[in-house]
Amino acid sequence: MEDAFSLMGQFRRPWLEVDELKGRFLALSAEAHPDRVHSEGALAKVDATTKYTTLNAAYNTLREPKDRLLLLLELESGAPPSDIQRIPPGTMDLFVDVGQTCRDADLFLVEKAEATSPMVKVRLFEKGMEWMDRLNDLQRRINAKRDELLAELKGMNPVWEAAPAAGDPGRSSALPLERLEQVYRVLSYVARWTDQMQERVVQLAV
């Protein structure tokens, strides 16, 4: 397992400031960029390319909260989360609303695709605008849940900073890993729900 935190020179913690992380990446990638060894041999070029690719992957992992939490959980517990399909606490209402809204929107999209009458198309156009508003409202609720979770992650940082060092037998018990896993699962659903909303918004706009 590649430790992206170590590669990027970052202390292990749930929250990272994206702008600071980007600055760190730009500095490190400038040093590791393959163009710096363009006049050297093939082995040096391959090595530089490998280092740059690894660094880029580490940056992409850490800048996305969901991917960062998955890595952090694996590093701290030695294994990826289990049963990630289980609906996380506090998300049942959103889970139900997203599922029902997507099903209803899909039925409307089928009706819209099959319409041939100009009068019906006009009526469905107006109804489609209502659907756009409904999907956007639901996306705002999803975004609010995401913002709430990101704020919670930021509040977890002091716990990580105060925990025993990596490798210490008491580290795991000092960290809220169960809650971190719950947050990870919710963020996974948030990402999936956002994709589902955007997919249908695009179809409605056609």
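Residues numbered from 1 in each chain as written. Predicted model: local features only at pLDDT ≥ 70, side-chain atom pairs only at ≥ 80, totals over all residues. Heavy atoms only, no water.

(A) Broad picture of helix α5 (residues 92–114). With 23 residues, α5 should reach 33 Å at 1.5 Å per residue; the first-to-last C-alpha distance of 34 Å fits that figure. When we look at burial in α5, the residues that qualify are Leu-94, Val-98, Thr-101, Cys-102, Ala-105, Phe-108 and Leu-109. Contacts made by the buried residues of α5 are with α6 (118–162) and α8 (177–205). (Helix = DSSP H or I, 4+ residues; strand = E, 2+ residues; numbered from the N terminus. Expected span 1.5 Å × (residues − 1). Buried < 20%, exposed > 50% of the residue type's maximum accessible area, 1.4 Å probe, protein only. Contact = heavy atoms within 4.5 Å.)

(B) Main features of the packing of aromatic side chains. Enumeration over the complete set of coordinates arrives at 3 aromatic pairs. Between Phe-25 and Tyr-59 the ring centres are 4.3 Å apart and the planes differ by 10 degrees, which places this aromatic pair in the stacked class. Here Tyr-59 lies in helix α3 (residues 42–63) and Phe-25 lies in helix α2 (residues 18–32), a separation of 34 residues in the sequence. Both residues of the pair, Phe-25 and Tyr-59, count as buried. When the ring of Tyr-189 is compared with that of Trp-193, the centres are 5.6 Å apart and the planes differ by 40 degrees; the resulting orientation is tilted. Residue Tyr-189 and its partner Trp-193 are located together in helix α8, separated by 4 residues, close to a single helical turn. A single burial state applies to Tyr-189 and to Trp-193, both of which are buried. Here the aromatic residues Phe-95, Tyr-189 and Trp-193 are joined through ring pairs into a cluster of three or more. Residue placement shows Arg-192 over the ring face of Tyr-189; its charged tip is 4.9 Å from the ring centre. (Phe/Tyr/Trp six-rings, centres within 6.5 Å; stacked < 30°, edge-to-face > 60°. Lys NZ or Arg CZ within 6 Å of the ring centre and 35° of its normal.)

(C) A nonpolar patch on the surface, seen in detail. Taken together, the side chains of Met-92, Phe-95 and Val-96 present a nonpolar region at the surface, about 240 Å² in accessible area. Mapped onto the elements, Met-92 comes out in helix α5. (Patch = residues over 30% accessible without salt bridge, like charges linked within 9 Å, V, L, I, M, F, W, Y side chains within 5 Å. Areas by Shrake-Rupley, 256 points an atom, 1.4 Å probe, with all protein chains shown as cover. Salt bridge = Lys/Arg side-chain N within 4 Å of Asp/Glu carboxyl O.)

(D) The arrangement of the side chain of Glu-181 in detail. With respect to the helices and strands, the residue Glu-181 is situated in helix α8. There is no salt bridge for the buried Glu-181, and the closest opposite charge comes from Arg-185, which lies 4.1 Å off by N-O distance. Not counting residues up to four positions away in its chain, the partners in contact with Glu-181 are Leu-73, Pro-81 and Ser-82. (Lys, Arg positive; Asp, Glu negative; His and termini not counted.)

(E) Here's a closer look at the packing of helix α4 (residues 65–77) against α8. Axis separation between α4 and α8 bottoms out at 9 Å; the angle between their running directions is 150 degrees. Taken as axis vectors, α4 and α8 run roughly antiparallel relative to one another. Along this stretch, α4 crosses α8, giving a crossing that reads as left-handed. From α4, Pro-65, Lys-66, Leu-69, Leu-70, Leu-72, Leu-73 and Glu-76 reach across to α8, where they touch Leu-177, Leu-180, Glu-181, Val-183, Tyr-184, Leu-187, Ser-188 and Ala-191. Looking at the contact of α4 with α8 residue by residue, the class counts come to 11 nonpolar, 1 polar and 3 charged. (Axes fitted to C-alpha atoms, helices over the stretch in contact; angles between N-to-C directions. Parallel < 35°, antiparallel > 145°, perpendicular 65-115°, else oblique. Left-handed = near helix turned anticlockwise from the far one by under 90°. Nonpolar A, V, L, I, M, F, W, Y, C, P; charged D, E, K, R; others polar.)

(F) Main features of the environment of Arg-179. By the secondary structure assignment, Arg-179 is in helix α8. Filtering out sequence-adjacent residues up to four positions away, Arg-179 remains in contact with Leu-149, Glu-152 and Met-156.

(G) Expanded view of the environment of Tyr-59. The exposure class of Tyr-59 is buried, given its relative accessible area of 8%. Taking C-alpha positions, Tyr-59 is 50 Å from Val-120, a pair spaced 61 residues apart along the chain. Here Tyr-59 is in contact with Met-8, Leu-21, Lys-22 and Phe-25, once residues within four sequence places are set aside.

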